[in-house]
Amino acid sequence: MSSTLLAIETSCDETAAAVLAETGDPARPWEIRSNVVASQTEIHREWGGVVPELASRQHVRDICGVVEAALTRAAVAATDLRAVAVTQGPGLVGSLLVGVAFAKAFGQALGLPVIPVHHLAGHIESLVLAHGELPMPAAILVVSGGHTSLYFVPEPGRYQLIGRTRDDAAGEAYDKVAKLLGLGYPGGPAIDRLAREGNDRAYDFPIARLTHADRNAPASTAPHGLLPPDVARRVDFSFSGLKTAVLRLVREQAGEPATGKAGSADSLGGTLGPQQVADIAASFQRVVVNVLLDRTFEAARWLGARSVGISGGVSANSRLRAEAEARSARHGLPVFVPPLALSTDNAAMIGAAALRQLQRGASGRYDFNAEASLPL
Ligand code: KG4
Ligand code: ZN
């Protein structure tokens with residue numbers, strides 16, 4: 001039992017704990033012994049989004065029970081653990097603090113090393129947890145409510161950021177558009193469902209291009225020399241213009257003046273017919289999925305990637321999964337997506353990223369704090 005590890009994740013609105021073990025098989029190095037998630041969605045739904053103060057208070061209520069459940073389901077005694085892993089950031093600092101404080105206290109009491117984990121390293125390693133080691137090098141897109149980040153992974157455990165969103169994350173765009181259409185929170189699953197009944201060509205929403213020709217465009221994210229400059233620019237993302245275009249259209253269709261800033265409007269969806277709402281959802285989703293996959297596959301091609309990975313909450317999207325598979329077949333490039341339970345936030349992925357660190361020689365530490373923003 002010396003290779004078992006307890007992992008804790010509290011970066012946003014799920015209190016999660018998991019027990020993982022090493023398998024000894026280099027191709028499939030880790031297995032899940034238990035994976036427990038207490039979701040706060042019901043609490044935040046009433047407010048139309050995550051309320052940070054409510055989230056951290058609920059983590060405090062849930063953390064002990066969730067950890068206990070993870071240990072019980074894994075049939076592992078605390079004294080059999082080798083280490084404790086915890087999400088250090090990025091995320092809501094009040095939420096992160098609950099997990100970090102718990103992990104340090106638990107580790108201290110049992111004399112265990114504590115491994116601080118980057119949340120996005122967790123989303124990346126969720127792919128390995130689900131599918132075993134990916135063919136390297138890999139291009140991996142992490143697409144969630146807080147992030148839209150594209151990584152080049154030249155070897156297991158080395159993550160090079162090559163593209164990210166300049167404004168909203170893709171999941172955030174889903175959530176905002178859903179709110180506008182009166183579909184409730186969280187918006188991703190609602191739009192995903194509704195889009196199946198809509199015409200995805202009903203509206204032609206624009207997508208921002210951070211092109212070389214735009215002199216005001218910020219410098220690209222990819223390290224110099226890794227990609228040709230125009231490609232490097234193209235693999236950054238921007239979703240706020242799309243969200244504003246949806247807002248304008250909804251206002252226009254609802255007979256309101258089409259001016260004003262996105263986000264300032266409350267739901268106007270109630271004034272539209274159900275088919276109109278479904279058409280908007282489908283058209284919005286087509287653009288988001290295309291832009292995510294166009295850029296990921298373009299980067300993968302330039303980088304000579306031998307696999308593509310897509311993880312994070314938005315990777316649960318059915319159109320994204322189907323389109324990714326179709327492109328995989330077309331390009332002859334294997335694409336990996338985690339199963340639903342590992343797509344949205346969970347602690348098993350944090351455990352996997354910690355085991356990766358241990359494999360690469362890390363030994364754990366106590367001199368770290370919860371960090372709302374943290375580079376990877
Ligand atoms: O990874 P995650 O659970 O939390 C963050 O780290 O942000 O991702 C949550 C995000 C939310 O924005 C949610 O709307 C989105 O993932 N999401 C989806 C789907 N399921 C969840 N977006 C599109 N389609 C889905 N089926
Ligand atoms: Zn996440």
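For the structure itself, consult the block above.
Remember, it's a predicted structure, so these values are computed and weren't measured experimentally.

Topic: the layout of surface pockets
Alright, step 1. One number sums up the size of the second largest pocket: a volume of about 260 Å³.
Alright, step 2. Around the second largest pocket, the lining comprises 18 residues; the ones closest to its centre are Ile115, Pro116, Val117, His118 and Gln357.
Alright, step 3. If you tally residues by element for the lining of the second largest pocket, the top one is strand β5 (residues 114–118), at four residues.
Alright, step 4. When the residues that make up the lining of the second largest pocket are grouped by side-chain class, the tally is 10 nonpolar, five polar and three charged.

Notes on the site of ligand 1
Alright, step 1. Surveying the vicinity of ligand 1 reveals 17 residues, the closest of which are Gly145, Asp175, Asp192, Gly313 and Asn317.
Alright, step 2. Taking Ser144, its side chain carries an N or O atom lying 3.4 Å from an oxygen atom of ligand 1.
Alright, step 3. In this structure, a nitrogen atom belonging to ligand 1 sits 2.9 Å away from a side-chain N or O atom of Asp192.
Alright, step 4. Considering ligand 1 on its own, with 560 Å² of exposed area, one finds that the protein chains cover 88% of that surface.
Alright, step 5. Secondary structure elements with two or more residues in the shell around ligand 1: α4 (119–131), α5 (170–180) and α6 (187–195).
Alright, step 6. Residues that form the shell around ligand 1 fall into these classes: four nonpolar, 10 polar and three charged.

Thoughts on the coordination of the zinc ion (ligand 2)
Alright, step 1. Of the protein atoms, only His119 (NE2), His123 (NE2) and Asp345 (OD) coordinate the zinc ion (ligand 2), at distances of 2.1 Å.
Alright, step 2. In primary sequence terms, the donor set of the zinc ion (ligand 2) follows H-x3-H-x221-D. Remark: His123 and His119 occur in helix α4; sequence separation between them is four residues, near one turn of the helix. For the pair formed by His119 and His123, the shared burial category is buried.

About the criteria used
- Residues numbered from 1 in each chain as written.
- Chains lettered and ligands numbered in written order.
- Predicted model: local features only at pLDDT ≥ 70, side-chain atom pairs only at ≥ 80, totals over all residues.
- Heavy atoms only, no water.
- 1 Å grid on protein atoms, 1.4 Å probe; cavity = no way out; pocket = protein on both sides within 12 Å on 5 of 7 lines; lining within 4 Å.
- Points joined across faces, edges and corners; volume = space filled by probe spheres on them.
- Helix = DSSP H or I, 4+ residues; strand = E, 2+ residues; numbered from the N terminus.
- Nonpolar A, V, L, I, M, F, W, Y, C, P; charged D, E, K, R; others polar.
- Near = heavy atom within 4 Å.
- Polar contact = N/O pair within 3.5 Å; in protein donor to acceptor, adjacent residues only side chain to side chain.
- Areas by Shrake-Rupley, 256 points an atom, 1.4 Å probe, with all protein chains shown as cover.
- Donors = N, O, S within 2.8 Å, 3.2 Å for Na, K, Ca; no water.
- Buried < 20%, exposed > 50% of the residue type's maximum accessible area, 1.4 Å probe, protein only.

Function-wise, these values are silent; they only describe arrangement.
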